[in-house]
2 protein chains.
Amino acid sequence: MKPNFSLRLRVFNLNYWGIPYLSKHRAARLTRLGDFLNLESFDLALLQEVWSEQDFQYLKQKLSPTYPAAHYFRSGIIGSGLCVFSKHPIQDTTQHVYTLNGYPYMIHHGDWFCGKAVGLLVLHLSGLVVNAYVTHLHAEYSRQKDIYLAHRVAQAWELAHFIHHTSKKADVVLLCGDLNMHPKDLGCRLLKEWTGLFDAYLEAQDFQGSEEGCTMVPGNCYVSQQDLKLFPCGIRIDYVLYKAVPGLCISCKTFRTTTGHDPHNGSPLSDHEALMATLCVRHSPPQQNPSPTPGPAERSPLVSVLREAWTELGQGMAQARWWAAFASYVIGVGLLLLALLCALAARDGAREVAVLLWTPNVGLVLGAGVIYLFHIQEAKGLCRAQAELQHVLGRAREAQDLGPELEAAPLLGLQEGNGVKDQ
Amino acid sequence: MKPNFSLRLRVFNLNYWGIPYLSKHRAARLTRLGDFLNLESFDLALLQEVWSEQDFQYLKQKLSPTYPAAHYFRSGIIGSGLCVFSKHPIQDTTQHVYTLNGYPYMIHHGDWFCGKAVGLLVLHLSGLVVNAYVTHLHAEYSRQKDIYLAHRVAQAWELAHFIHHTSKKADVVLLCGDLNMHPKDLGCRLLKEWTGLFDAYLEAQDFQGSEEGCTMVPGNCYVSQQDLKLFPCGIRIDYVLYKAVPGLCISCKTFRTTTGHDPHNGSPLSDHEALMATLCVRHSPPQQNPSPTPGPAERSPLVSVLREAWTELGQGMAQARWWAAFASYVIGVGLLLLALLCALAARDGAREVAVLLWTPNVGLVLGAGVIYLFHIQEAKGLCRAQAELQHVLGRAREAQDLGPELEAAPLLGLQEGNGVKDQ
């Protein structure tokens, strides 16, 4: 790499809200989105909630002159909704579908059927390996009583771990998407602390957009005011995060969000705001201490967030086990009732009632069986994430026992990110 | 790394056949397995089919003086059955659960409930990063009519792709497990061609064990002779595969298998044979052409196996779509029948018959609904794997268009494995 080397990366991110038959003005918004992306000619456009593959195919065709490379991440029953359009050739792709993603019987929420995932595409730009990740985590339907909190924390951990394991040869890491978490939420802190990713909104040298960088704002005509009653300014749940290896400086020169309408002051492109970031990567001159080893003060937020996540997952696991136990009681009672109904059906007087009750009872036993199996699987998934956190915490303890801070950093896996941030 | 550097790695692999209540002499075999592993003190012991977590905990406790590090890979409803015991500290772990793994309604086969996966552990040995993978793919219940072929090929692809993306900083890659594939099966060729892994049985300088390295042999008293009637010598479906980065020589000094009984000529440890390999890694002296770029002759097996896999996945996808369409017809007919039964129940004469038929009909509609959703998801999973293969094939075509072979290798991702093999 030449000393005067520099790479400019213009990135676009949007949760497009593309639910067939349900999302308002979907076709019109898609057309305007395509026009806007063609006009702006970003390096990368990363989208979430493109639920219909036809919508992706439409965009792919429309954008092909400006963005010759495109990828749609297929998963689950409905799909992950994730896709990406790139001006540069995509070298490689892969994806990871989150182990836990809500409950199949919460049909009105629908997340379980989507197969929420993280998609990765590898680009080679100016001699650098750029790993770009796009994701969409489980929605938060109630902040006061969030039954999906443990799942979202497990997803944040899996996302962080997936980035950790797949970006070992990447010079630049970029993560865009709808995390469905506020900046100070547990999962968001866990993700940032474990990966060492920087938040483009917080780091931007020049920011223009909605108040506090919110990505769901009350001024957007598609946003339900009811959903934002606790947050009159809006909420920030969509992110552009980035980092580079030591030896490279990465900085966010500009960061823009739309503000409740499209970039030309027309009606909005989605119920979420679009994010547009310009990142600059350049050679970092040799420094005496180019990547300062984190001392106890720097390391403690990671250890404390790992502990917090461990506890949250434990609570989720207890809940999952309670539901599995409850379902097994229901199965037992249902089977007893079925035996009773068989006995009743043999008598002339109660035959009709017995036969009528047979259907709901069989349904009850089968339904409880499925719920039992589901929660057993849920408990296993949470236990797996907890064991991984436990392992990392164990290594942190070993590092502390070793004493010198120099030993601690590699054990905590902090050596491979956190590059040099250029303000 | 010093020029005279050398690393010796002794590895043990066994599909332990630990189905609670069903596998014969499970407790006795577990005790003998623990004794043997303690006695031999391998660097790594990788096990499959440890379905009961109690069995893992028993082994963990028993082996802790010799193998202080252990990990159990949890997934699915039953579990992945995978675990590992290591003499050396485990730096990091992760796992990937295969998207496709049989059918939930094939309860007697049970694979779907297991959550088959690949587990990764990262070790730091003598300054080298060693990525050790352990896996167990979907079983083959009928070689003549293998309804799981497309799933196993998709699993082999996901396994290869997972290794490809997670081993970019590894000096040595080791894959052990029960692949449920014969050496020349499509999935096995795909895995070896895409990852560049060498087969320890084929490369071993000193081999002792069963005829043709078979890992299920007729001499094993737990093996059903019916299962081996097409293969009187036995079958080879368990593997130790390895590779190293250029600059390192890796070789298999010794390779042993048990031969239908345990290593002390007692009754066998499992229905599979155990594999024991001694791998040597040493510094490779600088060569003029240390990692020869594959020419057309070397590259064509990869392209042809990618095409073959693409076709196989396409057939699986057509089959999945046929089942989804069939299930949707059944739902339609079932709903019509339900309407008819409602009408019949209104009449006095046929009320009892109508009520009696209600239960199986509701079951039919619900069952067909679940089958429909399952096969839609299956088709999506196969489509995803096919798209990934298509992308790699596209890059191969671009590489051929570019002409010089030097351009082709990196595009095909062949630059990062295939190290130097020392015979």
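- Going by the annotation in an unreviewed UniProt entry, the name recorded for chain A is Sphingomyelin phosphodiesterase 2, with Oryctolagus cuniculus given as the source organism.
- The UniProt entry for chain A carries this comment under Subcellular location (unreviewed entry): "Membrane".

### Quick look at the overall build of chain A
Next up, step 1: A count of helical and extended segments in chain A gives nine helices and 14 strands.
Next up, step 2: Taking 423 residues into account, the globule formula puts the C-alpha radius of gyration at 22 Å, and chain A, at 24 Å, falls close to it.
Next up, step 3: Its C-alpha atoms give chain A principal-axis dimensions of roughly 95 × 60 × 40 Å.
Next up, step 4: The long-range fraction of contacts in chain A, counting pairs at least 24 apart against all pairs at least 6 apart in sequence, stands at 74%.
Next up, step 5: Summing over all exposed atoms, chain A offers an accessible surface of approximately 17300 Å²; the carbon and sulfur share of this is 59%.
Next up, step 6: A gap of 2 Å separates the mean positions of the 36 positive and 38 negative side-chain charges of chain A.

### Quick word on the confidence of the model for chain A
Residues and elements named next belong to chain A.
Next up, step 1: Put simply, chain A has an average pLDDT of 88, and 90% of its residues get 70 or more.
Next up, step 2: Here residues 289-298 is modelled with pLDDT under 50, and outside its nearest four sequence neighbours on either side it reaches eleven contacts, counting other chains as well.
Next up, step 3: Here residues 404-423 is a poorly scored stretch, pLDDT under 50, and it has 64 contacts once near neighbours within four places are set aside; other chains count.
Next up, step 4: Two summary scores accompany this predicted model of the complex, namely pTM at 0.90 and ipTM at 0.89.

### Regarding the interface of chain A and chain B
Next up, step 1: The interface is formed by 40 residues belonging to chain A together with 40 residues belonging to chain B.
Next up, step 2: Between chain A and chain B, the buried area comes to about 3800 Å², and carbon and sulfur atoms account for 58% of it.
Next up, step 3: Where chain A touches chain B, the interface holds zero salt bridges.
Next up, step 4: Connecting chain A to chain B are twelve residue pairs in polar contact (both at pLDDT 80 or more).
Next up, step 5: A total of 17 residues in the side of chain A that touches chain B trace back to one element, the largest contributor, which is helix α8 (residues 351-402) of chain A.
Next up, step 6: Split by residue class, the side of chain A that touches chain B holds 15 nonpolar, 15 polar and ten charged.

### Observations concerning the UniProt feature "transmembrane region" (unreviewed entry) in chain A
Residue and element names in this part refer to chain A.
Next up, step 1: In the UniProt entry, the feature "transmembrane region" (unreviewed entry) is given for residues 322-347 and 353-374.
Next up, step 2: The span residues 322-347 is 96% helix and 0% strand, and its two end C-alpha atoms sit 38 Å from each other.
Next up, step 3: As annotated, residues 353-374 comprises 100% helix and 0% strand, and the C-alpha atoms at either end are separated by 32 Å.

### Details of the pairing of strand β13 (residues 275-283) of chain A
Residue and element names in this part refer to chain A.
Next up, step 1: Most of β13 sits out of view: seven of its nine residues are buried.
Next up, step 2: Relative to β13, strand β1 (residues 6-15) runs antiparallel, the two being bridged by eight bridges. Across the sheet, Leu-9 pairs through a bridge with Leu-279, a residue of β13.
Next up, step 3: For strand β12 (residues 248-257) and β13, the ladder comprises nine bridges, and the chain directions are antiparallel. What sits directly across from Thr-257, in β13, is Leu-275.

### Details of the side chain of Asn-220 of chain A
All names here are of chain A.
Next up, step 1: Structurally, the position occupied by Asn-220 is in the loop between β10 (206-208) and β11 (238-244).
Next up, step 2: Asn-220 gets classed as buried once you look at its relative accessible area, which sits at 0%.
Next up, step 3: In contact with Asn-220, other than residues within four places in its own chain, are Gln-225, Gly-260, Pro-268, Ser-270, Asp-271, His-272 and Glu-273.

### A closer look at the UniProt feature "domain: Endonuclease/exonuclease/phosphatase" (unreviewed entry) in chain A
Next up, step 1: UniProt records the feature "domain: Endonuclease/exonuclease/phosphatase" (unreviewed entry) at residues 25-272 of chain A, using the numbering of this structure.
Next up, step 2: With 25% helix and 28% strand, residues 25-272 of chain A has its two end C-alpha atoms placed 14 Å apart.

### Brief notes about the environment of Tyr-72 of chain B
Residues and elements named next belong to chain B.
Next up, step 1: Summarising the element assignment, Tyr-72 is placed in strand β3 (residues 69-73).
Next up, step 2: Spatially, the C-alpha atoms of Tyr-72 and Val-84 are 6.7 Å apart, while their sequence positions differ by twelve residues.
Next up, step 3: Contacts of Tyr-72, omitting those with residues within four sequence positions, involve Val-50, Trp-51, Ser-52, Glu-53, Phe-56, Leu-82 and Cys-83.
Next up, step 4: Looking at Tyr-72, its side chain comes within polar contact range of the main-chain oxygen of Trp-51, at 3.3 Å.

### Focus on the relation of the copies chain A and chain B
Next up, step 1: Once turned by 180 degrees and shifted 0.0 Å along the axis, chain A lies on chain B with an RMSD of 0.0 Å. Such a combination of rotation and displacement between the chain copies is what one expects of a two-fold axis.
Next up, step 2: Mapped onto chain B, 100% of the interface residues of chain A are again interface residues, and the two copies thus contact each other with one and the same surface.

### Some remarks on the domain arrangement of chain A
Residue and element names in this part refer to chain A.
Next up, step 1: The assigned domain composition of chain A is domain 1 (6-283) and domain 2 (303-400).
Next up, step 2: Summarising the inter-unit geometry, the C-alpha centres of domain 1 and domain 2 are found 33 Å apart.
Next up, step 3: Between domain 1 and domain 2, the residue contacts involve 20 residues of the former and 18 residues of the latter.
Next up, step 4: For the pair domain 1 and domain 2, the summed buried area comes to about 1700 Å², and 76% of that belongs to carbon and sulfur atoms.
Next up, step 5: When residues of domain 1 are sorted by the area they lose upon contact with domain 2, Tyr-105, Trp-157 and Leu-186 head the list and together hold 29% of the total.
Next up, step 6: Where domain 1 touches domain 2, the interface holds two salt bridges.
Next up, step 7: Across the salt bridge formed by Arg-189 and Glu-308, the nearest N and O atoms sit 2.9 Å from each other.
Next up, step 8: Of all elements in the fold, only α4 (149-166) and α5 (186-195) reach the threshold of two or more residues within the side of domain 1 that touches domain 2.

### With respect to unusual backbone geometry
Residues and elements named next belong to chain A.
Next up, step 1: One non-glycine residue, His-25, lies in positive phi territory at about 50 degrees.
Next up, step 2: Inspection of the secondary structure assignment puts His-25 in the loop between β1 and α1 (26-40).
Next up, step 3: One non-glycine residue, Asn-180, lies in the positive phi region at around 55 degrees.
Next up, step 4: Tracing the backbone through its elements, the reader meets Asn-180 in the loop between β8 (172-178) and α5.
Next up, step 5: With a relative accessible area of 10%, Asn-180 lands in the buried category.

### Considering helix α1 (residues 26-40) of chain B
All names here are of chain B.
Next up, step 1: Between its terminal C-alpha atoms α1 stretches 21 Å, which fits the 21 Å expected from 15 residues at 1.5 Å a residue.
Next up, step 2: Every buried residue of α1 is listed here: Arg-26, Arg-29, Leu-30, Leu-33, Gly-34, Phe-36 and Leu-37. The buried residues of α1 occupy one face: seen down the axis, they fall within an arc of 165 degrees. Residues of α1 that are exposed and angled more than 90 degrees away from the buried face: Ala-27 and Leu-39.
Next up, step 3: Tucked inside the fold, the buried residues of α1 contact β1 (6-15), β2 (44-48), α2 (53-63) and β13 (275-283).

What counts, and where the lines are drawn
- Residues numbered from 1 in each chain as written.
- Chains lettered and ligands numbered in written order.
- Predicted model: local features only at pLDDT ≥ 70, side-chain atom pairs only at ≥ 80, totals over all residues.
- Heavy atoms only, no water.
- UniProt positions renumbered as here; feature names shortened; annotations may be inferred.
- Helix = DSSP H or I, 4+ residues; strand = E, 2+ residues; numbered from the N terminus.
- Rg over C-alpha atoms; globule rule 2.2 N^0.38 Å.
- Contact = heavy atoms within 4.5 Å.
- Areas by Shrake-Rupley, 256 points an atom, 1.4 Å probe, with all protein chains shown as cover.
- Lys, Arg positive; Asp, Glu negative; His and termini not counted.
- Charge placed at Lys NZ, Arg CZ, Asp CG, Glu CD.
- pLDDT = per-residue confidence, 0-100.
- Buried area = accessible area lost by both parts, 1.4 Å probe.
- Salt bridge = Lys/Arg side-chain N within 4 Å of Asp/Glu carboxyl O.
- Polar contact = N/O pair within 3.5 Å; in protein donor to acceptor, adjacent residues only side chain to side chain.
- Nonpolar A, V, L, I, M, F, W, Y, C, P; charged D, E, K, R; others polar.
- Buried < 20%, exposed > 50% of the residue type's maximum accessible area, 1.4 Å probe, protein only.
- Pairing = 2+ DSSP bridges.
- Least-squares fit on C-alpha atoms with pLDDT ≥ 70 in both.
- Domains from an automatic or database assignment.
- Expected span 1.5 Å × (residues − 1).
- Arc of directions from axis to C-beta.

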